[in-house]
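Here is how the chains run, residue by residue.
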Amino acid sequence: MPIDEQFRIQKNHFRGGQGRKRFCIVSGTHGDELEGQYVIFLIAQMIRQHPEHLNGIVDIYPALNPLGIDSIQRGVPAFDLDMNRIFPGNPKGSMVEKVTHDIFKDLRGADMVIDIHSSNMFLREIPQVRISEQTAETLVPYARLLNIDLIWVHQAATVLESTLAHSLNVTGTPVLVAEMGVGMRINHSLCHQLFWGIVNLMHHMGIWKEEVDQSLIQEPIISVGDSVDFLNATTSGIFVTEMHNGRSAIVEAGEKIGEIISPLTGEVLQEVHAPHRGILFTIRAYPVIYEGSLLARIHKL
């Protein structure tokens with residue numbers, strides 16, 4: 001690349017015992033999502049400290065988009081591309097398309113892939129796994145072992161067909177997409193929660209010999225169909241809220257979530273209320289909003 005830069009994706013390969021299953025953990029597809037960096041560190045540290053418990057193959061890929069991470073950009077710098085919208089890639093395409101094709105080929109055939117994402121810088125999410133309706137029967141049993149707060153089974157939008165998860169799932173390689181936190185930050189508590197879930201899943205698949213203390217593992221809420229309310233802004237302004245999202249963040253129908261204000265005029269432009277009783281699992285983190293901006297998501301109870 002220009003000025004002696006390199007587009008270099010690094011992978012660490014661990015092998016132990018007689019097991020043949022292959023477990024892959026990837027993160028950093030988006031350069032502004034950093035939670036996966038810490039989760040993968042915890043996995044690598046655990047294997048280095050207790051290699052005797054490994055019974056198979058664990059491949060870790062901390063940064064699929066290293067240039068994005070280096071420059072704090074969501075996409076791939078200079079190419080104006082969201083890497084997670086061009087899978088399975090093209091071996092005869094641009095440099096980024098060739099790279100995504102090689103990533104796809106390298107992961108294909110694994111017994112499990114965990115694709116770790118943070119939210120973007122605008123929204124804060126509780127630990128969750130998002131699964132399309134088409135793959136729910138296969139993936140939900142795995143996701144229930146992952147120690148997350150919510151499994152969201154949703155209808156896949158057309159754009160999701162070009163993600164790493166969809167591209168691998170249609171080939172028979174199971175992929176769980178985990179999402180949590182907020183962009184450009186690392187929440188240690190959420191990362192440790194997912195870490196124990198990944199170890200728990202590895203144990204149930206026979207890849208990690210040591211059993212996880214089940215008091216650390218929780219059963220997720222499963223949201224299907226039209227169980228999610230989307231709260232969007234009807235005007236532009238500054239979104240002000242005292243609400244915090246979480247598994248125990250239950251709001252009542254009509255409860256005030258926040259308000260959109262105008263600093264210029266001193267007016268409250270919109271009061272935002274919960275349409276139904278439910279769990280507040282997404283909340284706006286970045287206060288500057290425009291008409292149509294997503295402010296919150298609520299799983300209806």
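As a reminder, the structure under discussion sits directly above these lines.
What comes next is a walk through the structure. Here the residue numbers are simple positions, counted from 1 along each chain's written sequence. Per-residue local features are limited, in this predicted model, to residues with pLDDT of at least 70; the limit for side-chain atom pairs, both in listing and counting, is 80 or more; totals at the level of whole chains, interfaces and linings are taken over all residues. Calculation of side-chain values draws on the structure's entire complement of heavy atoms; hydrogens and water are dropped beforehand.

As for the side chain of Glu125
Take Glu125: it is sitting in strand β5 (residues 123–132). A simple rule labels every residue: compare its accessible area, found with a 1.4 Å probe on the protein chains alone, to the largest value its type can have, and call it buried under 20%, exposed over 50%, or partly exposed in between. With a relative accessible area of 2%, Glu125 lands in the buried category. By the criterion applied in these results, polar contacts are pairs of N or O atoms within 3.5 Å in which, for protein atoms, one can donate a hydrogen and the other can accept it, and in which residues neighboring in sequence qualify only through two side-chain atoms. A polar side-chain atom of Glu125 sits 3.1 Å from a polar atom in the side chain of Arg130. Secondary structure elements follow DSSP: runs of H or I of four or more residues count as helices, runs of E of two or more count as strands, with numbering from the N terminus.

Points about the pattern of salt bridges
By convention in these notes, a salt bridge is any Lys or Arg side-chain nitrogen within 4 Å of a carboxyl oxygen on Asp or Glu. For the structure on display, the rule yields 14 salt bridges. Residues Asp32 and Arg74 are paired through a salt bridge, measuring 3.3 Å at the closest nitrogen-oxygen approach. Note that Asp32 is positioned in the loop between β2 (22–26) and α1 (35–49) and Arg74 in the loop between α2 (66–71) and α3 (95–107), a separation of 42 residues in sequence. Among the salt bridges present, the one from Glu125 reaches Arg297, with a minimum N-O distance of 2.7 Å.

Notes on the nonpolar core
Residues enter a nonpolar core if they are buried and are Ala, Val, Leu, Ile, Met, Phe, Trp, Tyr or Cys, with the set joined through side-chain atoms within 4.5 Å. Core analysis: the largest hydrophobic core is formed by 43 residues, its most contacted members being Phe23, Val58, Ile114, Leu176 and Ile198. What Val58 contacts, discounting residues up to four positions off in sequence, is Asn12, His13, Phe14, Phe23, Ile43, Ile47, Met202 and Ile207. Counting residues in each nonpolar core, the second largest holds 22 residues, with Phe7, Leu64, Leu67 and Ala110 among its members. Residue contacts are counted whenever heavy atoms from the two residues lie within 4.5 Å of one another.

Concerning the environment of Ile116
The topology assignment puts Ile116 in strand β4 (residues 112–118). Overall, the relative accessible area of 2% leaves Ile116 in the buried class. Counting along the chain gives 88 residues from Ile116 to Gly28, while the straight-line C-alpha distance between them is 7.8 Å.

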